[in-house]
Structures are given as C-alpha cells and as structure tokens.
There are 2 protein chains.
Amino acid sequence: MVVTMQDVAARAGVSVKTVSNVVNDYPYIRPATRARVEEAIAALGYQVNVAARNLRQGRTGMIGLALPELRVPYFAELADSVMRAAEAQGLVLLIEQTGSVGEHEAEVLHGPRRRFTDGLLFSPVAMDPRDHPELDVDYPLVLLGERVFDAGVDHVTMANVEGARAATSHLVERGCRHIAVIGVHPGEAMGSAALRFDGYLQAVRAAGREFNPRHAGVAQRWVRSTGAVAMAQVLDSGVPVDGVFAMNDALALGALHVLHSRGLRVPDDVAVIGFDNIDDTEYSEPPLSSIDPGREQIADQAVGLLVARIAGSTAPPRQVVADFALVERESTAPV
Amino acid sequence: MVVTMQDVAARAGVSVKTVSNVVNDYPYIRPATRARVEEAIAALGYQVNVAARNLRQGRTGMIGLALPELRVPYFAELADSVMRAAEAQGLVLLIEQTGSVGEHEAEVLHGPRRRFTDGLLFSPVAMDPRDHPELDVDYPLVLLGERVFDAGVDHVTMANVEGARAATSHLVERGCRHIAVIGVHPGEAMGSAALRFDGYLQAVRAAGREFNPRHAGVAQRWVRSTGAVAMAQVLDSGVPVDGVFAMNDALALGALHVLHSRGLRVPDDVAVIGFDNIDDTEYSEPPLSSIDPGREQIADQAVGLLVARIAGSTAPPRQVVADFALVERESTAPV
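Only a predicted model underlies this, so the values are computations on that prediction, with no experimental measurement involved.

**Observations concerning the overall build of chain A**
In terms of helices and strands, chain A carries 11 helices and 12 strands. Summarising its shape, the C-alpha atoms of chain A cover approximately 85 × 40 × 35 Å along the three principal directions. Within chain A, buried positions represent 56% of all 335 residues. Nonlocal contacts in chain A, meaning residues at least 24 apart in sequence, comprise 69% of its contacts between residues at least 6 apart. As displayed, chain A has an accessible area near 14300 Å², and 51% of this comes from carbon and sulfur atoms. Of note, chain A has its 30 positive side-chain charges centred 4 Å away from the centre of its 42 negative side-chain charges.

**Comments concerning the domain arrangement of chain A**
Residues and elements named next belong to chain A. Assigned domains within chain A: domain 1 (5-48), domain 2 (62-157 + 295-324) and domain 3 (160-292). Distance between the C-alpha centres of domain 2 and domain 3: 28 Å. Listed by partner, the interface residues are 13 residues for domain 2 and 16 residues for domain 3. When the area that domain 2 buries against domain 3 is broken down by residue, the three leading residues are Glu146, Arg147 and Phe324, summing to 45%. The tally of links from domain 2 across to domain 3 stands at one salt bridge. The salt bridge involving Glu69 is made with Arg221; its shortest N-O contact spans 3.2 Å. Summed over the shared surface of domain 2 and domain 3, the number is two residue pairs in polar contact (both at pLDDT 80 or more). A class-by-class count of the residues in the side of domain 2 that touches domain 3 yields six nonpolar, one polar and six charged.

**Observations concerning helix α2 (residues 16-23) of chain B**
Of all eight residues that make up α2 of chain B, six are buried, and the element is covered over most of its length. Buried within α2 of chain B are the following residues: Thr18, Val19, Ser20, Asn21, Val22 and Val23 of chain B.

**Some points on the pattern of salt bridges**
All names here are of chain A. A complete count under the given rule lists 28 salt bridges over all chains for this structure. The residue Glu96 makes a salt bridge to Arg114 at a minimum N-O spacing of 2.8 Å. Taken as a pair, Glu96 in strand β2 (residues 92-97) and Arg114 in the loop between α6 (102-110) and β3 (119-122) lie far apart in primary sequence, 18 residues in all. The pair Glu96 / Arg114 is uniform in exposure class, with both members buried.

**Topic: the packing of aromatic side chains**
The tally for this structure, following the rule as stated, stands at eight aromatic pairs over all chains. Cluster of aromatic residues (ring-pair linked, three or more members): Phe197, Tyr200 and Phe211 of chain A. Of note, Arg196 of chain B hangs over the ring of Phe275 of chain B, and the distance from its end group to the ring centre comes to 3.7 Å.

**Brief notes about the interface of chain B and chain A**
On the chain A side, the residues contacting the 37 residues of chain B number 37 residues. Taken together, both faces of the contact between chain B and chain A bury some 3500 Å²; the carbon and sulfur share is 60%. If you sort the residues of chain B by the area they bury against chain A, Arg71, Arg224 and Tyr283 of chain B come out on top, with a joint share of 21%. In this assembly, chain B and chain A are joined by eight salt bridges. A salt bridge links Arg71 of chain B to Asp80 of chain A; the nearest nitrogen and oxygen atoms lie 3.7 Å apart.

**A closer look at the pairing of strand β6 (residues 179-184) of chain A**
Residue and element names in this part refer to chain A. For β6, the tally of buried residues reaches six of six residues, placing the bulk of the element in the interior. In this structure, β6 lies alongside strand β8 (residues 243-246), joined through four bridges in parallel fashion. The residue bridging Ile179 from the neighbouring strand is Gly243, located in β8. Strand direction decides the pairing type here: β6 and strand β7 (residues 216-218), joined by three bridges, are parallel. Each residue of the ladder has a partner; that of Val181, found in β7, is Ala216. Traced from β6 through helix α8 (residues 192-206) to β7, the parallel crossover comes out right-handed.

**A word on the sheet that holds strand β4 (residues 141-144) of chain A**
Residues and elements named next belong to chain A. Taken together, the six strands give an open sheet; going across it, the order is β2-β1-β3-β4-β5-β11, and neighbouring strands pair in parallel fashion. The open sheet has two edge strands with one neighbour each: β2 and β11 (319-322). For this sheet the average axis-to-axis angle between neighbouring strands, irrespective of direction, equals 20°. In this structure, strand β1 (residues 62-67) lies alongside β3, joined through four bridges in parallel fashion. Its bridge partner being in β3, Gly64 is matched across the sheet by Leu120. In the packing of helix α11 (residues 295-310) onto the sheet, the strands contacted are β1, β3, β4, β5 (154-158) and β11, and the crossing angle to β5 comes to about 180°.

Conventions and cut-offs
- Residues numbered from 1 in each chain as written.
- Chains lettered and ligands numbered in written order.
- Predicted model: local features only at pLDDT ≥ 70, side-chain atom pairs only at ≥ 80, totals over all residues.
- Heavy atoms only, no water.
- Helix = DSSP H or I, 4+ residues; strand = E, 2+ residues; numbered from the N terminus.
- Buried < 20%, exposed > 50% of the residue type's maximum accessible area, 1.4 Å probe, protein only.
- Contact = heavy atoms within 4.5 Å.
- Areas by Shrake-Rupley, 256 points an atom, 1.4 Å probe, with all protein chains shown as cover.
- Lys, Arg positive; Asp, Glu negative; His and termini not counted.
- Charge placed at Lys NZ, Arg CZ, Asp CG, Glu CD.
- Domains from an automatic or database assignment.
- Buried area = accessible area lost by both parts, 1.4 Å probe.
- Salt bridge = Lys/Arg side-chain N within 4 Å of Asp/Glu carboxyl O.
- Polar contact = N/O pair within 3.5 Å; in protein donor to acceptor, adjacent residues only side chain to side chain.
- Nonpolar A, V, L, I, M, F, W, Y, C, P; charged D, E, K, R; others polar.
- Phe/Tyr/Trp six-rings, centres within 6.5 Å; stacked < 30°, edge-to-face > 60°.
- Lys NZ or Arg CZ within 6 Å of the ring centre and 35° of its normal.
- Pairing = 2+ DSSP bridges.
- Right-handed = clockwise from strand over helix to strand, strands pointing away.
- Axes fitted to C-alpha atoms, helices over the stretch in contact; angles between N-to-C directions.

Here is the structure:
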C-alpha cells in the first residue's frame, strides 16, 4: 500500500500543507512540528513523489546536456561526470547529440525537448559569435566549451591556452627542438583549436624558436583517423619532428599509430603529448602523456551553476575556468 | 504569435477535431478536407506541439536506455546507435547508468523516472534469473544483452557463443596452438562471460586440443586494466601462449599492453583478437582483430520492438539475435 501525505498528516496530527512544507524544506516551521512530521514519515515509510512535486512546482526535475558526439571518448566521459553530478543534486540528465551541426544546435536550443527540462548545459561547436541571439532563451542555460564567449550566460570552460602551453613546454624541457602540432584549424580565430594553437605558439616562441608552418598538421574533426592523416602530412613534408603536441588525445592516438608504422619509436625518436586525459591514455602503446582539463570540476561547476539558475538566481553571468594538470606518462619519458 | 489549432481550423473551415485528426494522421479523412487543412497549416506556419500531443495521448515521446556505464566504449557506441535509431522514430532517448549495481538496476525499473518515458530498453548486468519478477512491469520493456533469458519480454542479443567460437577458430586456423582466454568469470553459468567462454571451449576442442585451465585469465570487470592483470596472470603461470582471445576489446587492449611490456611481438609471437569491434580497434598498436556483434542492427531492432509495444502490440515476446562478423586486422595477420 502506498503511504500518502494524508497518512503522514493524520499520524503527525498536522495539516497536509504542513507536511508538504516539511517535505519541501520550507523555512519557518517550528522545530517540534518538524520533528513530529519527520517521525511520522519515518514510521510510515513515506516516500516523496518527486515527479508529482516537480509537476506542482512546474518543473520536471530533468536537465539537458547537449554535446557534439557521445562516441568521442572525451564527451562520453564528460557525460558520465555530468550524469553523476546531476544525480547528486537529485536531477535526471537528458543527453542530446548535435553532431556538431549548426541546425541541430539551434534545434537543441529551441526544439520541443526543452519542455522536458528545467535547464540546459550546452556545448556548442558549430555556433559562432554571430549566433549570440540564438542563446537568448527563456530557460536556465549554462555553456560548456570554448565556442561562444560573452554571450551573457554562465560559462564553464577549461584552460586551453595555458594547458597547450604547458604541454608544449613539457616537450621543450624534455629536449624536443622540432615540435609538430596536430589538429590545426587554419583561419579559425576562435574555439579550442585556435586557443590551443596559441598556447603551442607561445611555448615555441618562449623557447626562442621560430614556428615552422610545415609543423602544423591540419585536422578539422579531432578523431584518431584525422590525427593519423595530419601526422602523415607533417612527416611527408620532410620537416624534422622530435616532438608532437596533439590538440586532443584522439588525435594523439592516431598520430602514434602513424609514427609506429613509419618505424619511429615513441618516446625515443619522437615524444608525444595529447590533451583531455581520457581513459585511453593509460593503455595506449606507449601510455600517453596528456593535459587533464579538470573534467570532474567542469561537470560539478556546470551543474551547480544551472541548479542555482533554476532556483531563480539572478546573479551576473559567471565564467568559470577549471584547473588543469600535466599528466606525464611514457610517451614523453626522458630517453 | 503562436499559431494554434483553432487558427488552423478557422482558416480551413473545419472543426478543431478534424485538424487534430489530420495532424495525428488518422485514417478516414476525405482527401479534399485533408488538403484544405494542410493548406491552412502551411499558410499559417502552424507547428505541431509534440509535447502537448504526447500529453493528450498519455505519452511523453521519450524512451529510456539503461546501461551499465557510458564511459565503457561499447556502451557509448551503443548509446549513439540507439539515440540515432530513436531519433529516426521521432523519439527522445533518456540514458541512465546503472553502474552494474543490482539496486540501481531495480531502481531503473521501478523508480520515478519511468514516469517520463513511454518504454525502456534495459541492459541488465547484475540481475540473474531469480530477478525475473522484477521484470514484470506495467510499461513496454525490451531487454538488451545476455543477462536474463526467458523473462517473457522482447530481447535483443548478440551471437555470443558463435562469435567467440569464430574468433578462437580464427586463431587456430592461423596456426595458434596455445590460446589464452581473457575475461573469464569462474563459476558463472550465464551472461556474456559464460557464453563466450563456451564458444572458446568449442573451438579449442574442435581443433582436437585440451583446455588448459592456466590459459584462463580471470577478469570480473571487462576494462583495459583488468585485461592487463589477467594477461599478466596467464603469462606468469608459465604456460606457453601464442594466441589470445579476449572476451571484449577493452580487455584485449589491456592484454596488448602487457604483451608489449614483456617484449612479446603482436602478431609475430602472439596473435590477439577481441570482441565488440569498438572504434579503438582500428587505432590500437597493432590494429586489433575483433568480432563485430552487429551494434547498429541491435539498436534498430530494439527500438523497433519497443515502438511496436508502445503502439500496443500484444504479439508473443521475440528474441532477436543480431548477425556477427569477423573483422581481421593486423593483430592476427599471418606472420
């Protein structure tokens, strides 16, 4: 038999409204009353009907997470972290894939699924600054990633420039003199590729070297296959290479594959470092050094900001940058 | 201004009910009436309110997918496939993680989130046959995976025994005489581990060999780290090994790592094959042969069966086994 709020009220000798107030954690309830209601809840084994409560409050208890592609390991791991962070707040997470397509991103922002969610965590890839008006929505929204700045909404991001600079400097300190960069988006002024390239350039110049354009491996998508193609392109140009900074780990894994197939030893002949610190890095051959961009922190902060907005916060938009860490593994070990 | 069904009805000169019938694609509408309504819809730019329609029909237009762990590549790729299959049916997918914990699996089946979904695709890991009563639910349910049989509900699975036998026979045909099996669950009579072990045994015996228990590498979880430990355990037992059948690709990648670190060349000294054909297999060192279990087919069939149940199908429960394929890559190439 299902225990109702009426049963609790009867046992505690209070009104249903009072039980509701206790359950919903309203202030201004006398401690003795609260204790009596809590005793009745415990004795009867009453369980709060979350769905019904959410309906009364005009909420669904669900938040959305829109990301480019779930089968990209970084996003699968981010989804896992966000799901756990949401669960810790009693929220259900609805994951949506945009496939990095602009129309899908607009559909995520304005489509019918937004009626199911109390707020949205959105990691845009295709949008650019001209799309800011798209972000003017009537529900709580928190942006993830690098793609849109100053959009007037909360934004959680990672230290792209600093992380890329640290990765490249790590190669420099290890003695690398000819450092390739994999994942370049030529002509793009914003987004992860532009920021991480900037960090790479800063480190190369800080080491007193010139940037050689033949060291730039172009890859629009950041997956293993494109990393392999970009690495091959750099090697085929004939430029010497003794270090590789790949803009993400998937690119680095593709690059490793090409280096092996060319008979180049890692780290003996070429040291390689990636970015994201996905699970794969521990089990590649050799294990891959990487930049840990603070994924758990990103998930916790993003959910926290969204929960505050759902609760009605009107604070000015915040931009949070997660802490990064350099994780050294065999692929950059001293020879 | 939002165009309503009333506006459409007024312009078309029909009742709201008629507009609703056209929108919901009911039969028995006169072609001329349908044309008039469709003209009005186009002229006014009326958009069907999916959420409202679903509410009227007592549906949410959302289906659930409960799986063990999103950061396990096989499940991330399955989630991607199911999301696309659901989208093709106009359905939104709600992904839930159980963490392979029995209580979480029960909570998925009976928890409040089921109010959001019209049906559930459920990949149980912790449940066993005694939990069949748990599966007696009042909403459409389709099982995925190997864990529960004859539960009286639709079930989409893969050819575990046949796939494992084909993988092991492939090693035999390549000339391997000492084939280890990685991922064994001792004492377990059901589930993927028992089925794939059975396929391995069949192939070993068909080759006229005895099974050597020292060839069995135990791994409860099927991730890279446990694959590495199990591979090391087999090698440390001193038994000769010239072939490895890993019960999934993650285990195989962990095993590869240990083989490399022991100075064993793949495929020259030891040939390795996995199971699942995840994206990683193409970019491991060397690329990994694997069994493709038909993930797209599993996703399409599962969503199709669930959609039929949501539409009211009372057909007897079906069990669908997806087609598998042996994918040969360098890790089992002839030397």
